[in-house]
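Topology and contacts: notes
Take a look at the letters that make up each chain.
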Amino acid sequence: MLAGLVIVLSLAGLYIAGYFTLVYYGAIEADAKLVPSFCRLERGTCQTILQTRFARVFGVPNSLLGIGFYAVVLIIVSTGFASGAALSSLVIASWLAVALGVFLVYALFFILKIPCPLCIAGHSINLSIAVLLSFLFWKT
């Protein structure tokens with residue numbers, strides 16, 4: 001059951017990260033109809049966020065890192081390799097993503113002052129994945 005929730009959350013995170021990556025590289029417009037209207041970003045808002053220093057870690061777009069993270073989580077959890085060293089590595093990586101997310105949420109609200117429902121959704125997904133992976137780890 002926990003693994004299933006991790007897979008669903010990872011797919012949602014992968015979708016959001018893919019959307020942001022496509023917008024970041026200009027492959028689609030920020031207001032593309034790939035996401036529900038209540039989450040859709042306005043061109044100016046999304047482009048403002050994606051053009052700040054907070055949108056990259058070591059020069060790599062956060063969303064691209066997210067795609068890699070979610071893909072690894074999906075592969076490890078869905079193939080049944082979620083045990084031992086692989087699972088402990090995922091737990092560490094997921095909590096590092098949460099720590100970065102705390103800083104990024106702070107930046108959104110107090111530095112950039114731009115509400116971003118998809119950003120908050122992504123960070124909430126990361127926190128949920130970290131908690132669920134931790135439970136999986138303690139359970140094994």
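Residues numbered from 1 in each chain as written. Predicted model: local features only at pLDDT ≥ 70, side-chain atom pairs only at ≥ 80, totals over all residues. Heavy atoms only, no water.

Next up on the list: the overall build of the chain. Scanning the chain for helices and strands turns up 5 helices and 2 strands. Compactness check: the chain gives a C-alpha radius of gyration of 15 Å against a globular reference of 14 Å for 140 residues, within 12% of the reference. Counting only C-alpha atoms, the chain reaches 45 × 30 × 25 Å along its principal axes. Buried residues in the chain amount to 39% of all 140 residues. (Helix = DSSP H or I, 4+ residues; strand = E, 2+ residues; numbered from the N terminus. Rg over C-alpha atoms; globule rule 2.2 N^0.38 Å. Buried < 20%, exposed > 50% of the residue type's maximum accessible area, 1.4 Å probe, protein only.)

In this section: the packing of aromatic side chains. Aromatic ring pairs are defined here through the distance separating the ring centres and the angle between the ring planes. Taken as a whole, this structure holds 6 aromatic pairs when the rule is applied. Aromatic side chains Tyr 106 and Phe 110 sit 5.2 Å apart centroid to centroid with 35° between the ring planes, which places their arrangement in the tilted category. Residue Tyr 106 and its partner Phe 110 are both found in helix H4 (residues 84–112); the two are separated by 4 residues, about one turn of the helix. Note on Tyr 106: relative accessible area 45%, which makes it partly exposed. Phe 110 sits in the exposed class, given a relative accessible area of 55%. A ring pair is formed by Phe 135 and Trp 138, whose centres lie 6.1 Å apart and whose planes are at 75°; its orientation type is edge-to-face. Linking Phe 135 with Trp 138, this pair stays in helix H5 (residues 117–139), spanning 3 residues, or about one helical turn. (Phe/Tyr/Trp six-rings, centres within 6.5 Å; stacked < 30°, edge-to-face > 60°.)

Keep in mind these numbers describe shape, not what the thing actually does.
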